[in-house]
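Each chain, letter by letter, is given below.
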Amino acid sequence: MAIVECKMRLDKFIASMGFGSRKEVKNNIRKGLVTVNDNLIKDPGFGVIRGKDRVTLKNQPITYEDYQYFMLHKPAGVISATEDPKHKTVLDLLTSKHRKDLFPVGRLDIDTEGLLIITNDGELAHNLLSPKKHVEKIYYARIQGVVTEEDVEAFKNGVNIDDDYTTMPADLKILKSDQVSKVEIIIKEGKFHQIKKMFEARDKKVIYLKRMAMGRLQLDPELKLGEYRVLKVEEIELLKNR
Ligand code: URA
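Quick look at the structure, then. (Residues numbered from 1 in each chain as written. Predicted model: local features only at pLDDT ≥ 70, side-chain atom pairs only at ≥ 80, totals over all residues. Heavy atoms only, no water.)

1. As for the overall build of the chain
Line of reasoning, step 1. Counting its secondary structure elements, the chain contains six helices and 15 strands.
Line of reasoning, step 2. Relative to a compact globule of 242 residues, whose C-alpha radius of gyration would be 18 Å, the chain shows 22 Å and is clearly more extended.
Line of reasoning, step 3. Across its three principal directions, the C-alpha atoms of the chain cover 70 × 45 × 35 Å.
Line of reasoning, step 4. Taken over 242 residues, the chain has a buried fraction of 47%.
Line of reasoning, step 5. Looking at the chain alone, contacts between residues at least 24 apart form 64% of all its contacts between residues at least 6 apart.
Line of reasoning, step 6. By element, 49% of the accessible surface of the chain is carried by carbon and sulfur atoms, the whole surface being about 13500 Å².
Line of reasoning, step 7. With 43 positive and 37 negative side-chain charges, the chain shows a separation of 6 Å between the mean positions of the two kinds. (Helix = DSSP H or I, 4+ residues; strand = E, 2+ residues; numbered from the N terminus. Rg over C-alpha atoms; globule rule 2.2 N^0.38 Å. Buried < 20%, exposed > 50% of the residue type's maximum accessible area, 1.4 Å probe, protein only. Contact = heavy atoms within 4.5 Å. Areas by Shrake-Rupley, 256 points an atom, 1.4 Å probe, with all protein chains shown as cover. Lys, Arg positive; Asp, Glu negative; His and termini not counted. Charge placed at Lys NZ, Arg CZ, Asp CG, Glu CD.)

2. Describing the pattern of salt bridges
Line of reasoning, step 1. One pass over the full model with this rule turns up 15 salt bridges.
Line of reasoning, step 2. Among the salt bridges present, the one from Arg9 reaches Asp11, with a minimum N-O distance of 2.9 Å.
Line of reasoning, step 3. Given a relative accessible area of 0%, Asp11 falls into the buried group.
Line of reasoning, step 4. The salt bridge partner of Glu235 is Arg229, with a shortest N-O separation of 2.8 Å. With respect to burial, Glu235 and Arg229 carry one shared label: buried.
Line of reasoning, step 5. Where salt bridges share partners, they join Arg9, Asp11, Arg22 and Lys26 into one cluster. (Salt bridge = Lys/Arg side-chain N within 4 Å of Asp/Glu carboxyl O.)

3. A short note on the environment of Asn160
Line of reasoning, step 1. Its place among the elements puts Asn160 in the loop between α4 (149–157) and β11 (171–176).
Line of reasoning, step 2. Given a relative accessible area of 41%, Asn160 falls into the partly exposed group.
Line of reasoning, step 3. Sequence separation between Asn160 and Lys173 is 13 residues, and the spatial gap between their C-alpha atoms is 19 Å.
Line of reasoning, step 4. Within the structure, Asn160 has its side chain in polar contact with the side chain of Thr166 (distance 3.1 Å). (Polar contact = N/O pair within 3.5 Å; in protein donor to acceptor, adjacent residues only side chain to side chain.)

4. Points about the sheet that holds strand β6 (residues 60–62)
Line of reasoning, step 1. With respect to topology, four strands assemble into an open sheet ordered β3-β2-β5-β6, the strand pairing being antiparallel. The sheet is open, and its two borders are formed by β3 (39–40) and β6, each paired with just one other strand.
Line of reasoning, step 2. Alignment of strand β5 (residues 55–57) against β6, held across three bridges, turns out to be antiparallel. The residue bridging Val55 from the neighbouring strand is Ile62, located in β6. (Pairing = 2+ DSSP bridges.)

This is how it looks when you write it as structure tokens:
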């Protein structure tokens, strides 16, 4: 059976890869800034085959990628959403060209730092976030209050957080027990404000929270707060083949 190659409008193709709004792209095409397979094309509706035709804008090749994957070191003060009327979002931190349909995989609170995966791969996101998949998320936290072995035990048994919800067992490791304690927590679900609520239920307060790992993917220590990079192929594999 013949494989039908699906054509896409040139303006839509360029815009969807993040090279301007549809209007800007149309203007650029009409101005003669776009080539397809080395031919100057001035018709925004010209049909291109994704992944086959070679498209350039201002002599820059635009390669088609079905999926894009980024690792962001989320700083405090930005929202894990695609848009927000008041705050900067994690997507605003992606300054390089990227697909238009990216979203963050799960949410970190506005004041939480650390590893955030940004992609347009819905299936991967679902597999990482579904409570049924039990993907481990590792956090480092500083806690107002002396964290004790009783807290460790309570986390192991699951903590009652919302009126009638008891969390799945969580691993709490005390790194330093003091007036301000330092801990590592591993949870396998991602309820809203989960870690803060778990400590609240133990009469303690999270004063700093950072996600260090998701599944087998660790936050790259080279990435400074607010920095991001493309995930390596082997890192994507780590996430897919848990
Ligand atoms: N738990 C929280 O309380 N906040 C986060 O951002 C992540 C996990």
